[in-house]
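Now for the letters of each chain:
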Amino acid sequence: SRTWNKGTYQIARWLTQIGTRGYMRDWRLRFDPTGLSQASSPFRISKRESVPVIHAYSDALSKRPDDWPDSAIVSGYWFMPQEKLEYNPWRPPVELVEFLSQGPPPVYFGFGSMAGDSARITRNILSAISKTNERAILATGWGGIDSVPRSENVFVVDAVPHEWLFPQMNSVFHHGGAGTTAAGLKAGCPTVICPFGLDQPFWGRCIENLGAGLKLPSPSRVTDQQIAEAILSVTRNESYRNAARAIQSRLVSEQGIRRSIEMIEKLASDWQN
């Protein structure tokens, strides 16, 4: 409802202000030691003013709402240009390269910065892997997954750049963070999302609605059988891969960073004039 939307917007705005206040203060003081620029904080601008906002996601996943003001801009994802990646290449461990070469593409499991009952989550994932007989890479991240001994079918890492790893994956299983979701689709990977909270259930629904993967219950409620069935579905049913690759073809041509720069330069020019 309209009341619910407004209420949740105000809560998100308040939480954002609290969470970013220190960063914004430090950033402003680097350029204005007097602190006078605090007066131009976006949280102090009159509600009557239209503040341009660039949303760094792709409308290939979710169409821009019709009721958004003209100042709300959807640019596409901000993927690092390939020449930048090649300039500062990441070098993978030899053991990881060997694991990838010793069999079919594995399934990626990782929850990034999310943390929960890592022991339970890890047990469920390992059980699901044994049920499906798939090869897997487990990224322990910030504690969402426990570190476990390597085996013939399972390789454990702390973290690996998604832009390097995901194109070599069969499919990806993760929490549904906006960046991880984008990286998986840019690699054309069928996706299973097991959301912790925040915006993650939304991206899970987008993935499912587009036919590019599945959304599962949260890690505290999902079972090993549900994980196994989801992995078998996205790895054996080509429709998920076809849908993911259709989205991939749109994402690689969007050039979100370039579009954002052009938008910012145009806005700056309009304000100067």
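Use the structure listed above.
Treat the numbers as computed from the prediction; the structure is a model and nothing was measured. (Residues numbered from 1 in each chain as written. Predicted model: local features only at pLDDT ≥ 70, side-chain atom pairs only at ≥ 80, totals over all residues. Heavy atoms only, no water.)

Some points on the overall build of the chain
Just so we agree on the cut-off: Under the scheme used here, helices are H or I runs from DSSP no shorter than 4 residues and strands are E runs no shorter than 2 residues, and both carry numbers assigned from the N terminus. Throughout this description, buried means an accessible area under 20% of the type-specific maximum (1.4 Å probe, protein chains only), exposed means over 50%, and partly exposed covers the range between. Two residues qualify as a contact provided that any one of their heavy atoms is within 4.5 Å of a heavy atom in the partner residue.
Across its full length, the chain holds 10 helices and 8 strands. Relative to its 273 residues, the chain shows a buried fraction of 38%. Nonlocal contacts in the chain, meaning residues at least 24 apart in sequence, comprise 58% of its contacts between residues at least 6 apart.

A short note on the packing of aromatic side chains
Applicable threshold: Here a pair means two rings of Phe, Tyr or Trp (six-membered ring of Trp) with centres within 6.5 Å. Their orientation is stacked below 30 degrees between planes, edge-to-face above 60, and tilted elsewhere.
Tallying each qualifying case throughout the model produces 8 aromatic pairs. Note on phenylalanine 109 and phenylalanine 173: the rings are 5.0 Å apart at their centroids and 40° apart in plane angle, and the pair reads as tilted. You can see phenylalanine 109 sitting in strand E3 (residues 107-110) and its partner phenylalanine 173 sitting in strand E6 (residues 171-174), a full 64 residues away along the chain. According to the relative accessible area criterion, phenylalanine 109 is buried, its value standing at 2%. You can call phenylalanine 173 buried: its relative accessible area is 0%. Each ring, one from phenylalanine 202 and one from tryptophan 203, has its centre 5.0 Å from the other, and the planes form 70°; the classification is edge-to-face. According to the relative accessible area criterion, tryptophan 203 is buried, its value standing at 7%. Chaining the aromatic ring pairs together yields one cluster made of Phe109, Phe111, Phe173 and Phe196.

Quick look at the sheet that holds strand E5 (residues 154-157)
As a reminder, the rule being used: Strands were regarded as paired on the criterion that DSSP finds at least two bridges between them. Angular values range over 0 to 180 degrees, each being the angle between N-to-C directions of two axes fitted as lines to C-alpha atoms, with helices fitted over their stretch in contact.
Pairing in this open sheet of 6 strands is parallel, and the strands run E5-E4-E3-E6-E7-E8 from one edge to the other. With one partner strand each, in any of the chains shown, E5 and strand E8 (213-215) form the two edges of the open sheet. When strand polarity is set aside, the average angle formed by the axes of neighbouring strands in this sheet is 15°. Looking at chain direction, strand E7 (residues 191-193) and E8 are connected through 3 bridges and run parallel. The partner of isoleucine 193 across the bridge, within E8, is lysine 215.

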